[in-house]
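Structure assessment
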Amino acid sequence: MTTTVYVDQANGVDAAGHGTIDLPYQTLAYAIFSTPVAAIETTQYQIRKGREAQYDAPTQSATKKAKKDAQGLEKKRLKAEAEEDQARERQEKREKRLEESKRVVLSEDLSLPTPIKIARLANYRDRRVRVCGWVHRKRDQQEIMFVVLRDGTGHLQAVFTGQTNKTYDAVTLQLEAAVELTGTLKPVPEGQKAPGGHELVVDYWKVLGPAPGGDDAFTNKLNEQSDPSILADNRHLVLRGETASSVLRLRAALLSAFRSTYAEHDVIEVTPPCLVQTQVEGGATLFKLDYYGQPAFLTQSSQLYLETCLPSLGDVFCIQESFRAENSHTRRHLSEYTHLEAELAFINFDDLMTHVETIICESVDKVLANPATAALVKTLNPNFTAPARPFKRMSYSEAIAWLNEHAILHEAEDAEGNTIKDADGKPVMVQHAIGDDIAEAAERQMTDIIGQPIFLYGFPAELKAFYMKKMPRKKGEEAGPVFTESCDLLMPNVGEIVGGSMRIADGPELLAAYEREGIDPKPYYWYTDMRKYGTCEHGGYGLGVERLLAWMANRYTIRECSLYPRYAIHELYISV
C-alpha cells in the first residue's frame with residue numbers, strides 16, 4: 001500500500017506527527033529521515049514551495065540531496081541517543097556512588113594536635129597534621145580528588161584517595177565548603193608544583209560547613225564576566241577571590257610599613273574622633289547628622305585635632321576614616337576613605353615635602369623588602385618599581401605654563417561655574433590661566449606624560465583652605481594672586497595621593513582667615529588657642545591610602561582597595 005507524505009517548504013513544520021496534507025513537513029530531508037526504512041519503497045513524496053503552489057513529486061536531484069541530508073540527521077539522532085545513554089550511565093554511576101558513599105565511615109585519630117595554619121606548615125613535612133579551611137579549587141578524577149584549601153594564611157593542595165574519596169561528603173563536596181583535613185604532609189613529587197612545595201595526603205576529614213551546588217553554587221554567583229554591579233552587591237563573596245584578598249593583604253602590609261616608618265622617625269600615632277562640630281575642607285562636602293540635638297558632622301580630616309597634639313606629643317600621625325559628601329562618580333573617589341594624616345612641628349615648607357617623600361619611599365621599600373609582600377606586588381603589578389628620589393617639584397605657575405605648552409585645555413566656565421557650550425552644545429575648550437583650579441583630568445594627563453611622582457606646589461590662596469600659610473610675596477610682585485605653601489603629590493596613573501601645607505602660625509592672621517571665609521571663630525576657640533599658647537611654624541598632610549594602594553597594585557579603581565567601599569552611586573552594604 002502506497003503512502004503519500006507532503007512537504008510545504010514555506011509553511012510546513014519538521015516535527016514528529018507531521019507529513020499529512022493538513023500538517024506537512026517543511027523539508028524533504030526531514031520527511032525522508034522520518035520515514036521508516038521498511039516503508040521507503042512504498043512512500044511517495046509530494047512537495048510545494050507554498051500554499052499558492054501545487055504539490056508535485058520532487059526532482060531526482062532534489063531527492064538525492066534530501067537523502068544525503070537525511071543521513072546527516074540520522075547521524076545526529078544516533079549521536080544524541082548515545083550522549084543520552086552516556087549521561088544516563090553517568091547519572092546511574094553517580095547515584096550508585098552516592099549510595100555506596102553513605103556506607104563509608106572514616107575513623108578519626110583523636111590524638112592529633114589542634115589544627116595548624118597553612119602558612120606554618122613548612123616545618124611539618126613528613127608528619128601527620130590537621131588543617132582547617134575553605135575549598136578554593138577542586139578537581140575530581142574518579143579514583144583521586146585534588147582540593148586546594150584556603151585558610152587566609154595561604155593555600156594547600158590536598159589529595160584524596162581510597163576511602164577518603166568515596167565518602168558521601170567527598171561525592172557531594174562543593175567549592176567554598178569549610179572542611180577539616182587530617183593527613184601526612186608530603187613534598188610534591190619532582191617536576192610537579194603545589195603551593196608551598198608540599199601537599200597533604202588525606203586519611204581523615206570532615207565537612208564543617210557545607211556549600212550549595214546547582215543554581216546556588218559559588219561559580220554561578222560570581223565569575224570573571226560578572227557585571228560591576230553584581231560584584232558590588234556580592235562584595236562579601238568577591239573577597240574570597242585571590243585578587244581581592246591579595247589587595248587587602250597588601251593593604252595591611254602597607255599600613256604596617258607606614259607605622260614602622262613613622263616610629264623610626266619618632267612620629268607618634270594618635271586616634272582622633274570621627275564626630276566633629278567644625279569643618280576643615282569646606283561645608284559643601286560635610287555629612288551632617290544630629291548629635292543629641294546639636295548639629296555635628298562626620299570628619300573631613302583629623303588635621304585640626306592633630307595640631308593640638310604637637311605641644312604635648314611632638315610630631316604625630318593618625319590612620320583614620322574621613323568622609324567627603326562629594327557626589328562624584330569617578331574611579332578615584334570614595335565617600336569614606338582611609339586617611340593617613342600627619343602634623344609636624346618646627347619645620348619649613350621644604351622640610352614638609354622632603355618628609356612626605358621620605359615616609360612614602362621608606363614604607364614602600366619595607367613592603368618590597370619582605371619576600372611575602374613583594375610577591376603580592378609582583379603578582380598584582382608585575383611592572384612595579386619603587387619611585388626614584390628626589391621627586392620632581394613643579395610650581396602651580398609652572399604647571400599652568402606646561403599645560404598650555406602641551407595644548408591640554410579645559411572647559412570654559414561662567415561666573416557661576418557652569419560650563420560654557422558652543423552652538424553645537426559642545427563645551428568650549430580654553431587654555432589654562434593663573435587662578436584656574438586645575439581639573440583632575442588635566443592634572444592626571446600631565447602626570448602620566450611626565451611619568452614620575454610630582455610635587456605640585458604653591459596654589460593660589462582662593463583655591464585652598466583657610467588654615468594654609470601664604471607664601472611671602474617676592475620683591476616686585478606686590479600685585480597679583482597670593483600663593484600658599486601648599487602641595488599635592490601626584491602619581492602616574494592615579495593622580496593626587498597626598499595634599500599638604502604649612503599651617504598659619506600667626507593668631508591675627510588666622511582670625512582674618514576665619515572672617516574672609518565667613519567662618520564663626522567661636523567653635524574653633526581651641527584651634528585658635530594653639531596660636532595663643534606657644535605658636536610655632538608647623539605643617540602637615542593627608543594621604544589617601546586607597547589611592548596609594550591603587551598605584552602600587554595597579555588597580556583601575558580605588559574601590560578595589562577598600563574592604564566595603566562607600567561611594568555616591570552604590571547603597572551601603574547594610575548587612576555587614
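Thresholds applied
Residues numbered from 1 in each chain as written. Predicted model: local features only at pLDDT ≥ 70, side-chain atom pairs only at ≥ 80, totals over all residues. Heavy atoms only, no water. Buried < 20%, exposed > 50% of the residue type's maximum accessible area, 1.4 Å probe, protein only. Helix = DSSP H or I, 4+ residues; strand = E, 2+ residues; numbered from the N terminus. Arc of directions from axis to C-beta. Contact = heavy atoms within 4.5 Å. Polar contact = N/O pair within 3.5 Å; in protein donor to acceptor, adjacent residues only side chain to side chain. Axes fitted to C-alpha atoms, helices over the stretch in contact; angles between N-to-C directions. Parallel < 35°, antiparallel > 145°, perpendicular 65-115°, else oblique. Nonpolar A, V, L, I, M, F, W, Y, C, P; charged D, E, K, R; others polar. Salt bridge = Lys/Arg side-chain N within 4 Å of Asp/Glu carboxyl O.

A few points about helix α10 (residues 371-380)
Note: α-helices contain 3.6 residues per turn, so residues at a spacing of three or four share the same orientation. Residues of α10 that are buried include every one of Thr-373, Leu-376, Val-377 and Leu-380, and no others. One side of α10 carries all its buried residues, which in axial view fall inside an arc of 95 degrees. Seen from the open side of α10, the exposed residues pointing more than 90 degrees away from its buried face are Pro-371, Lys-378 and Thr-379. Packed against the buried residues of α10 are α7 (242-264), α9 (349-369) and α15 (545-553). For α10, the N-terminal cap is Asn-370; the gap from its side-chain oxygen to the backbone nitrogen of Ala-372 is 2.8 Å.

Focus: the packing of α9 against α10
For the pair α9 and α10, the least separation of the axes is 5 Å and the interaxial angle reads 100 degrees. Here α9 lies roughly perpendicular to α10, going by the angle between them. Together, Val-367, Leu-368 and Ala-369 of α9 and Pro-371, Thr-373, Ala-374 and Val-377 of α10 make up the contact between the two elements. Residues that form the contact of α9 with α10 fall into these classes: 6 nonpolar, 1 polar and no charged.

Let's talk about helix α14 (residues 525-532)
Looking only at α14, the buried set comprises Trp-526, Tyr-527, Thr-528, Met-530 and Arg-531. If you follow the buried residues of α14, they end up packed against α8 (303-313), α13 (507-517) and β20 (538-544). A positive backbone phi angle near 80 degrees is found at Gly-534, which sits one or two residues after α14.

What about the pattern of salt bridges?
Inspection of the entire model under this criterion finds 27 salt bridges. Close ionic contact of Asp-126 with Lys-186 constitutes a salt bridge, the shortest N to O distance being 3.7 Å. Taken together, the positions of Asp-126 in the loop between α2 (60-101) and β3 (128-141) and Lys-186 in strand β6 (residues 178-187) put the pair 60 residues apart, joining distant regions of the chain. Two residues, Arg-259 and Glu-269, come together in a salt bridge whose shortest N-O distance is 2.9 Å. Of this pair, Arg-259 sits in helix α7 while Glu-269 sits in strand β8 (residues 268-269), and the two are 10 residues apart along the sequence. Judged by relative accessible area, which is 35%, Arg-259 ranks as partly exposed. Three or more residues are tied together by salt bridges with common partners; here these are Glu-74, Arg-77 and Glu-81.

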